[in-house]
Amino acid sequence: MDVVSRKTITVEVNGDTYEREVDARRLLIHFIRDDLDLTGSHIGCDTGNCGACSVLVDEVLVKSCMMLAVQADGAKIETVEGLAQEGELTVLQQAFSDHHALQCGYCTPGMLMSATALLRQNGNPSEDEVRRAIQGNICRCTGYVNIVEAIQAAAE
């Protein structure tokens, strides 16, 4: 008989507090998407390579497919759904739209979260700094040029 250890966790996600019982081996991305029904963060690889599942955990950029939900107990988590305030796009989100920094959109949530983390730490990043900040995110559509331009435009 397979006995799975369960634990009750409490997290703040995008300003709302949630308390849930989770399997000890449940990944944070599955907790966010399946338990909280916040499906903006995408599952791309389950190996930490693509960055589509990137979120901020206590202000630190994390690939949520590489973290267990129980590890986030007591944490403040920000997902892509939490970026827009009162239905208004952030400057960064608008820059992605204005600069055509997305095509299929699959990588966009992770790119936005990576860019958010960068811009909070460095309000005026160079092109090289932007490229380093998003290097953990794979985009198969855009070629990255427009993404870099969008992030730099948002910084201005």
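Because the structure is predicted, anything quoted here is derived from the model rather than measured.

(A) Looking closely at the overall build of the chain. The secondary structure content of the chain amounts to 5 helices and 5 strands. N-terminal to C-terminal, the α/β element order of the chain is β-β-α-β-β-β-α-α-α-α. For 156 residues, the compact-globule estimate of 2.2 N^0.38 gives 15 Å, and the chain sits close to it at 16 Å. Overall size of the chain, expressed as C-alpha extent along the three principal axes, is 55 × 30 × 25 Å. Burial statistics for the chain: of 156 residues in total, 42% are counted as buried. The contacts of the chain with a sequence gap of at least 6 include a subset with a gap of at least 24, amounting to 54%. Of the charged side chains in the chain, 12 are positive and 23 negative, and the gap between their average positions amounts to 7 Å.

(B) Main features of the side chain of E78. Residue position: E78 is located in strand β5 (residues 76–78). Take E78: its relative accessible area is 12%, and that puts it in the buried class. A polar contact is formed between the side chain of E78 and the side chain of R120, at a distance of 2.8 Å. Not counting the four nearest positions on each side in its chain, E78 is found in contact with N14, V55, L56, E59, M113 and R120.

(C) Spotlight on the nonpolar core. Ranked by size, the top nonpolar core spans 22 residues in total, and within it L92, F96, M111, L112, I134, I147 and I151 carry the most contacts. The set of elements that each furnish at least two residues to this core consists of α2 (91–98), α3 (108–121) and α5 (145–155). The leading source of residues in this core is α3, at 6 residues. Non-local contacts of F96, meaning those with residues more than four positions away in its chain, are made with A101, L102, T108, M111, L112, I147, A150 and I151.

(D) Seen up close, the packing of α2 against α3. With their axes 10 Å apart at the nearest point, α2 and α3 run at an angle of 130° to one another. With respect to α3, the axis of α2 lies oblique. Crossing of α2 against α3: the hand is right-handed. Across the interface between the two elements, L92, Q93 and F96 of α2 pack against T108, M111, L112, A115, T116 and L119 of α3. Residues belonging to the contact of α2 with α3 are distributed by class as follows: 6 nonpolar, 3 polar and no charged.

Basis of the calculations
- Residues numbered from 1 in each chain as written.
- Predicted model: local features only at pLDDT ≥ 70, side-chain atom pairs only at ≥ 80, totals over all residues.
- Heavy atoms only, no water.
- Helix = DSSP H or I, 4+ residues; strand = E, 2+ residues; numbered from the N terminus.
- Rg over C-alpha atoms; globule rule 2.2 N^0.38 Å.
- Buried < 20%, exposed > 50% of the residue type's maximum accessible area, 1.4 Å probe, protein only.
- Contact = heavy atoms within 4.5 Å.
- Lys, Arg positive; Asp, Glu negative; His and termini not counted.
- Charge placed at Lys NZ, Arg CZ, Asp CG, Glu CD.
- Polar contact = N/O pair within 3.5 Å; in protein donor to acceptor, adjacent residues only side chain to side chain.
- Core = buried A, V, L, I, M, F, W, Y, C linked by side-chain atoms within 4.5 Å.
- Axes fitted to C-alpha atoms, helices over the stretch in contact; angles between N-to-C directions.
- Parallel < 35°, antiparallel > 145°, perpendicular 65-115°, else oblique.
- Left-handed = near helix turned anticlockwise from the far one by under 90°.
- Nonpolar A, V, L, I, M, F, W, Y, C, P; charged D, E, K, R; others polar.

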